[in-house]
Amino acid sequence: MKYWRNDARLQSKFEGERPYSSKKSIRVAISREEWRDAQRWMHLSLGESESEPKGHFLLRLEGAKRTWVVTDGAQMAINDISGPAPLGDYDRSQPLDVIVHSRLFRSCDPEDATLVLTEEAGRRRQTLEREGMSITVDAPLGTFPGWFDRRRRLSGLRAGVSARALIEACHMVAMETYSSHCEERPIAWIAVRGGRLLMEASGHVASTTRVEVSLSRSCGDTLPILINPDRLAMLLQAVEADDVSLIFPESIPAPLGVQSDGYTALLMPLDRITPARQNLEELLKRVLQVEAISPDEEGDYSVLSPEGHQLWVRLYTHAERLSVQVFSVLATDVEPTAGLMEELNSINASAAYVKVLWKEGAVIAEADLVAEWMIHAEFETAMRSVWETVDRYRSILGAWFCSVGADDSFDE
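The sections below set out a description of the structure shown in this document. (Residues numbered from 1 in each chain as written. Predicted model: local features only at pLDDT ≥ 70, side-chain atom pairs only at ≥ 80, totals over all residues. Heavy atoms only, no water.)

1. Focus on the pairing of strand β18 (residues 301–304)
Link 1 in the chain: Judged by which residues are buried, β18 turns out to be one-sided: Tyr301 and Val303 face inward and are buried, whereas Ser302 and Leu304, on the alternate face, are not.
Link 2 in the chain: In terms of strand pairing, β18 meets strand β19 (residues 310–316) through four bridges, oriented antiparallel. Residue pairing in the sheet places Val303 in a bridge with Leu311 of β19.
Link 3 in the chain: Taking the residues that link successive antiparallel strands as the turn, the β18-β19 hairpin has five residues, and the phi of Gly308 there is positive, at about 90°. (Buried < 20%, exposed > 50% of the residue type's maximum accessible area, 1.4 Å probe, protein only. Helix = DSSP H or I, 4+ residues; strand = E, 2+ residues; numbered from the N terminus. Pairing = 2+ DSSP bridges.)

2. Considering the pattern of salt bridges
Link 1 in the chain: Evaluated as defined, the whole model comprises 23 salt bridges.
Link 2 in the chain: Its salt-bridge partner being Glu212, residue Arg196 comes within 3.0 Å of it at the nearest N-O pair. With a gap of 16 residues between them, Arg196 in strand β12 (residues 196–202) and Glu212 in strand β13 (residues 210–217) connect regions that are remote in the sequence.
Link 3 in the chain: In this structure Arg196 comes out as partly exposed when scored by relative accessible area, which is 32%.
Link 4 in the chain: Of the charged contacts in the structure, one is a salt bridge between Asp300 and Arg314, with a shortest N-O distance of 2.8 Å. Of this pair, Asp300 sits in the loop between α6 (273–288) and β18 while Arg314 sits in strand β19, and the two are 14 residues apart along the sequence.
Link 5 in the chain: Taking relative accessible area as the criterion, Asp300 reaches 5% and is therefore assigned buried.
Link 6 in the chain: Judged by its relative accessible area of 29%, Arg314 is partly exposed. (Salt bridge = Lys/Arg side-chain N within 4 Å of Asp/Glu carboxyl O.)

3. Concerning the nonpolar core
Link 1 in the chain: If you look at the biggest cluster of nonpolar residues, it comprises 60 residues, and the most contacted ones within it are Phe105, Leu166, Ile190 and Leu197.
Link 2 in the chain: If you tally residues by element for this core, the top one is helix α4 (residues 163–174), at six residues.
Link 3 in the chain: Each residue touching Leu166, except ones within four places of it in the same chain, is listed here: Val161, Leu197, Met199, Leu232, Leu236, Val244 and Leu246.
Link 4 in the chain: By size, the runner-up hydrophobic cluster in this structure holds 36 residues, among which are Leu284, Val313, Leu322 and Phe379. (Core = buried A, V, L, I, M, F, W, Y, C linked by side-chain atoms within 4.5 Å. Contact = heavy atoms within 4.5 Å.)

That is the geometry; function is a separate question.
Set out below in C-alpha cells:
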C-alpha cells in the first residue's frame, strides 16, 4: 500500500527542510492519507488512557517503509505503508520507533503535514506542522506493547470473505431488538463450517441469531472463537479491498487474524469462562437467597436440597459450549441390572427437566444447561427439578438397588 503521491512540490518542500541546529531534531513527513486513517479507523483501537502508551499510535520508520500500530490490548491494528525517509539525527541502521501522541490528529481536516520530533535538555516534544499552524505536545512516555512477534506468529486456517458482507454479519449478530436496552457487550461465535462462514450470537440475546456468509476462498472447518462482533467490525473499517482474509487459530487463546494488502489486525478471543462463572454465582445467590457463594477446590458449588441431601453445581468448561450441570448421587455400589434400567426409564418418563442415569456404579440425577444462554427461570427450574428427584427417589433406589444398603456415605 503506497500512500505518498508523486508530488514534486511536496517532496522538494520536505527535503529542503533541515533539523534545528540548537536541538536534536527529526522530521517525518505525514501524508493526508495517514492523517485521515488516524481519524477514520486507527483511533478505534486506542487504549482509554493517554497516560499509557496504548493511548497513542506507534510509528515504526525504516527508510522508505513505515508501519503504524495501535492497540488497546483486546485488539491490534497494524498498517504497512511507504513514505519519505525521516530527516535528522538518528541511527539509520535500526528501525526508528516513535510513540506518536494521539491528540495531534484529532482535529481539523487531514492534510499533508510534518511531524517534528525534538529533544532538548532531556525533554522530548512532538510538533505537527501544517499549513499556517503548528501543534506541540510532550512526547508520550513508556514502552509500547510488543506487536512485531505477535504478527509474525499469526498462523492458522485462512479463509477469504467479502469485507462488506462480514461487516454486515457482525452488525446482525450484535443487533438488539427494537424494545431491548441491554447494556451488556455483544458476543458471538465465529467459525468456518462446511465451506461457509458461520457467526452465531451468544450471551444476552433471548433467541439465537445465526448468520452464514459465502466464502471467496474456503478452508476446512475451524475452531469456533468467541469474539465481540462490534470489535471485528471496527477492525474491518480499515479494509478498502473487496475481500479480506480471516486467519483462524488452531488453538485458543491465540488471536483471530484479519489481513488485506498491507493491513493486519488481531482480535483476541473473549474470556468465556469468567463471565459464565460470574453469571452462575449470581443465579445461585438468587435461588439460594444468600449474599455470597464460592466454589470448592475443584470448582464445584455444594448445595443442600430441602430434605438435606447433597447437590452439586458445576461449570463444565471442556466442551465447545460451556455448560452448567446440576447433579446429585442417588445411590452407589449399584449393578446395572434389567430391573434398575426399567426403574430409571420409569423415572425419566415422569420427571421433567432432569435425567436419571446409571454411571460407573452410581445412579445420578442431573440437569444440563448451556451456560452462555442461562437465565434465572431455567436455572431455578433445573435446580428444583433435581431437588425434587433426589428427595423423592434417593431412599427408594438406595433400598432396592444398593449393594451395601442406602446410607448417607455418598453425601460426604
